[in-house]
Amino acid sequence: MNELLQQLINGLSLGAVYALIALGYTMVYGVLRFINFAHGDVFMVGAFTGMYFGRWLKPLAAAWPEWLFASTVLLVSMLSCAILGIVLERLAYKPLRERPRLTVLITAIGVSLLLEYAGQLVFGAAPRGFPSLITSSSISGIEGLHASNIQVIVLVVTALLLWGLHLVVMRTRLGLAMRALSLNPTAARLMGVNTNVVISFTFGIGSALAAAGAIFYASLYQAIDPFMGVLPGMKAFVAAVLGGIGSLPGAMVGGLILGVVETLVVGYSQLLGIPPGYRDAVAFVILILILLFKPSGLFGKTMREKV
Amino acid sequence: MGARSLVLIAALAVGLVSFCFTGHPEAAWPLAQIDDYLLNILILAGINVILAVSLNIVNGHTGQFSLGHAGFMAVGAYGSAALTQLNGKACLASLSFLGSAAPLGLFVLSLLVGGLLAALAGLAVGLPSLRLKGDYLAIVTLGFGEIIRVMIQNTESLGGARGLAGIPNHTTLGWTWLVSLISIYCVGSLVNSTYGRGFLAVRDDEIAAEAMGINTTRYKVTAFVVGAFFAGLAGGLYAHFIGYVTPEGFSFLKSVDVVVMVILGGMGSTAGVTVAAIGLTFLNEALREAEQYRMVAFALLLIILMITRPQGLLGGLGGLARWLPGKGGKS
């Protein structure tokens, strides 16, 4: 029983990271109807920004309380990724807005490769250690159950971010414009919605959430490298599809489910008869199963194709 | 004389000539000796041509977007290596009636087996995933490619993550270019046949094609299976050229390499894709010194190309067929 609880805690903190990345996929899909392949690499840039900024700030902020230091690093990383996301959209995707989706998809793959290999040039190919933002300590309430404080903080801060996102999308005018755009782009434009601003805003928020996910991921696993975004990015996409692409609650739930399932499969690999090496295949098997049996996902709406 | 038979004759001629060029001094026809380094690049170029032309059936002619080509190549490579390296002695014994040609016969047989296994994998992947479109299909094929790689990595009898070494070096320039010319010819004739118009119809407008009574799923799966078969052949040739295969060598990035060739050459243009595959192979070698800048440049090229010339550098020229007699540029 304790072991199961332990796996659930590990799975949920990993799932929180997936959920944060998945939100970016789902939001961009909502307004532009395309999968931003480079999203996982924005996540990677977020981790490196956090690492460099954290190392630079550490001696300056020696007297600061730990939470202030950690949240400064988090906010700076989120802000720089938001800017990166907006710039990428302006330069690479905006010229292609009316083009076939395949063209945009290929461009997105190009952007993804560009970030990875430019990252390799700038940051070096070898994995780097991520500075610890919060001193790690173990919280053990029940016998045999170990949760680190970082895991708990990740879950709490993720919940706060999701709540903030909910407020932005449901209570602000920009959020309203975003929902209008995803419902019907033409009608939204006719009603005076400035689509360019809304799309930039969506990319900004999505990228900022990915950066937050990156800081959490790096704090949990402590090593970062220029290709670290590829697998989490793909898994988060699976999470977005699992929840129903275009649906914000779907992305959150999908991310958590995926994190828990992946951790359970690895944790109980002997019981299930699946070698732990199959860890990275779990997400894809889930993806294929959803697309076969419920392509609209858990919370998604089925869309009719019109001629 | 139709363009097709001209292409066939040209193909046979090039095939024969390339059999003569061989780096191995003990080869049967040492008519011309060429530099080993150049020979290796030419063989790699031939393998890349097979990969690009076969991916072009799916991505170019049928308008689907597959990102898992390296997975099928892996199936072909491991499948053929399983015959020649893992079970080499037993297979050779059963082919002993061929006499001294037994190793060569086994090589050809293993290539075919690798190709057929890859085609089977293509069928298994294609049947469920081709109900999807565009971005979804791209991600699902990518996922399948990764699953194939993870499965090989976890199969100890295939060497696991360490890879499979000691595969006999049977691949020569002649074999490579013979297979690549066959694949160019097969893909070209398939797409230009009456049946093949269906692929183009699916690409141009899937809904309209379906309304005209074209079984779109069947065409898509056919394209997928044919593409996978040739990718499997390429994998077999590659395994018997390098002599050593690892699961890492068939990662997502290998698929991207092939996709870049297809896009650069122009999706749907067999001639363009062939030229792009050869060109990029040589370019890769030339840029070996600047390895870390190479992929940055490719990525930028991909983005700029999509913004300014989405049909590819060589696409939209109507293919080489325009300059061949018998077509008169009307095709």
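Our structure is the block above this text.
In this text the structure is predicted, and so the values were computed from the model without any measurement.

K.L.:
Got a sec to walk through the overall build of chain A? Specific residues and values, please.
P.N.:
When helices and strands are tallied, chain A shows 12 helices and four strands. Taken over C-alpha atoms, the radius of gyration comes to 19 Å for chain A, in line with the 19 Å a tight globule of 307 residues would show. Over its C-alpha atoms, taken along the principal directions, chain A stretches across nearly 60 × 50 × 40 Å. Among the 307 residues that make up chain A, the fraction classed as buried is 52%. When contacts within chain A are restricted to residue pairs at least 6 apart in sequence, those whose partners lie at least 24 apart make up 76%. Charged side chains of chain A number 19 positive and 11 negative; the gap between the two group centres comes to 15 Å.

K.L.:
Describe the nonpolar core, listing the residues and the values that go with them.
P.N.:
Among the nonpolar cores identified, the biggest contains 193 residues, and A:Phe37, A:Tyr93 and B:Leu67 are the most heavily contacted of them. Counting residues per element, this core draws most heavily on helix α8 (residues 195-221) of chain A, at 14 residues. If sequence neighbours within four positions are ignored, A:Tyr93 has contacts with A:Phe34, A:Asn36, A:Ala38, A:Leu88, A:Val104, A:Thr107, A:Ala108, A:Val111 and A:Phe203.

K.L.:
Lay out the packing of helix α1 (residues 2-32) of chain A against α8(A) with the relevant residues and their values.
P.N.:
All names here are of chain A. Direction vectors running N to C along α1 and α8 enclose 165 degrees, while the axes themselves pass 9 Å from each other. By the angle between their directions, the pair α1 and α8 is classed as roughly antiparallel. By crossing handedness, the relation of α1 to α8 is classed as left-handed.

K.L.:
How would you sum up empty space enclosed by the protein? Please name residues and give values.
P.N.:
Counted under the stated rule, the structure contains four cavities of 30 Å³ or more. In this structure, the largest cavity is lined by 14 residues; those nearest its centre are A:Tyr25, A:Phe37, A:Ser112, A:Val230 and A:Met234. Elements supplying a minimum of two residues to the lining of the largest cavity: α2 (39-60), α4 (101-123) and α9 (230-243) of chain A together with α6 (134-153) of chain B. No other element matches the three residues that α9(A) contributes to the lining of the largest cavity.

K.L.:
Report on the pattern of salt bridges, specifying residues and quantitative values.
P.N.:
Oppositely charged side chains can form a pair if their charged atoms are brought close together. All names here are of chain A. Applying the stated criterion to the full structure yields 10 salt bridges over all chains. A salt bridge links aspartate 280 to lysine 235; its shortest N-O distance comes to 2.9 Å. One end of the pair, aspartate 280, is in helix α12 (residues 279-293); the other, lysine 235, is in helix α9, and 45 residues separate them in sequence. By relative accessible area, lysine 235 is classed as buried at 5%.

K.L.:
Explain the interface of chain B and chain A residue by residue, including any values.
P.N.:
Between chain B and chain A, the residue contacts involve 36 residues of the former and 41 residues of the latter. Around 3700 Å² of area is buried between chain B and chain A when both sides are counted, 81% of it from carbon and sulfur atoms. When the area that chain B buries against chain A is broken down by residue, the three leading residues are B:Asp135, B:Tyr136 and B:Ile139, summing to 19%. One can count zero salt bridges joining chain B with chain A. At the junction of chain B and chain A, the tally comes to two residue pairs in polar contact (both at pLDDT 80 or more). Breaking the side of chain B that touches chain A down by element, the ones donating at least two residues are α6, α11 (252-265) and α13 (291-308) of chain B. Sorting elements by how many residues they give to the side of chain B that touches chain A places α6(B) first, with 12 residues. Taken together, the residues that form the side of chain B that touches chain A break down as 29 nonpolar, three polar and four charged.

K.L.:
If you had to explain helix α7 (residues 173-192) of chain B to someone new, which residues and values would you point to?
P.N.:
Helical geometry note: an α-helix holds 3.6 residues per turn, so side chains three or four residues apart project in the same direction. Look at α7(B): 28 Å from first C-alpha to last across 20 residues, which is about the 28 Å you get at 1.5 Å a residue. A large share of α7(B) lies buried, amounting to 14 of its 20 residues.

K.L.:
So what about a nonpolar patch on the surface? Which residues, and what values?
P.N.:
Residue and element names in this part refer to chain A. Taken together, the side chains of Ile139, Val152, Val156, Leu160 and Trp163 make up a nonpolar region of the molecular surface, amounting to roughly 490 Å² of accessible area. If one sorts the elements of the nonpolar patch by residue count, helix α5 (residues 149-171) sits on top with four residues. Summarising the element assignment, tryptophan 163 is placed in helix α5.

K.L.:
Describe the packing of aromatic side chains, and please don't skip the residues or the numbers.
P.N.:
What the rule picks out here adds up to 18 aromatic pairs over all chains. Ring centres of B:Tyr238 and B:Phe250 lie 6.3 Å apart, and the angle between their planes is 80 degrees; this geometry places the pair in the edge-to-face category. Taken as a pair, B:Tyr238 in helix α10 (residues 216-242) and B:Phe250 in the loop between β2 (244-245) and α11 lie far apart in primary sequence, 12 residues in all. Classification of B:Tyr238 as partly exposed rests on a relative accessible area of 23%. Grouped by ring-pair contacts, the aromatic residues A:Phe34, A:Tyr93 and A:Phe203 constitute a single cluster.

Calculation rules
- Residues numbered from 1 in each chain as written.
- Chains lettered and ligands numbered in written order.
- Predicted model: local features only at pLDDT ≥ 70, side-chain atom pairs only at ≥ 80, totals over all residues.
- Heavy atoms only, no water.
- Helix = DSSP H or I, 4+ residues; strand = E, 2+ residues; numbered from the N terminus.
- Rg over C-alpha atoms; globule rule 2.2 N^0.38 Å.
- Buried < 20%, exposed > 50% of the residue type's maximum accessible area, 1.4 Å probe, protein only.
- Contact = heavy atoms within 4.5 Å.
- Lys, Arg positive; Asp, Glu negative; His and termini not counted.
- Charge placed at Lys NZ, Arg CZ, Asp CG, Glu CD.
- Core = buried A, V, L, I, M, F, W, Y, C linked by side-chain atoms within 4.5 Å.
- Axes fitted to C-alpha atoms, helices over the stretch in contact; angles between N-to-C directions.
- Parallel < 35°, antiparallel > 145°, perpendicular 65-115°, else oblique.
- Left-handed = near helix turned anticlockwise from the far one by under 90°.
- 1 Å grid on protein atoms, 1.4 Å probe; cavity = no way out; pocket = protein on both sides within 12 Å on 5 of 7 lines; lining within 4 Å.
- Points joined across faces, edges and corners; volume = space filled by probe spheres on them.
- Salt bridge = Lys/Arg side-chain N within 4 Å of Asp/Glu carboxyl O.
- Buried area = accessible area lost by both parts, 1.4 Å probe.
- Polar contact = N/O pair within 3.5 Å; in protein donor to acceptor, adjacent residues only side chain to side chain.
- Nonpolar A, V, L, I, M, F, W, Y, C, P; charged D, E, K, R; others polar.
- Expected span 1.5 Å × (residues − 1).
- Patch = residues over 30% accessible without salt bridge, like charges linked within 9 Å, V, L, I, M, F, W, Y side chains within 5 Å.
- Areas by Shrake-Rupley, 256 points an atom, 1.4 Å probe, with all protein chains shown as cover.
- Phe/Tyr/Trp six-rings, centres within 6.5 Å; stacked < 30°, edge-to-face > 60°.

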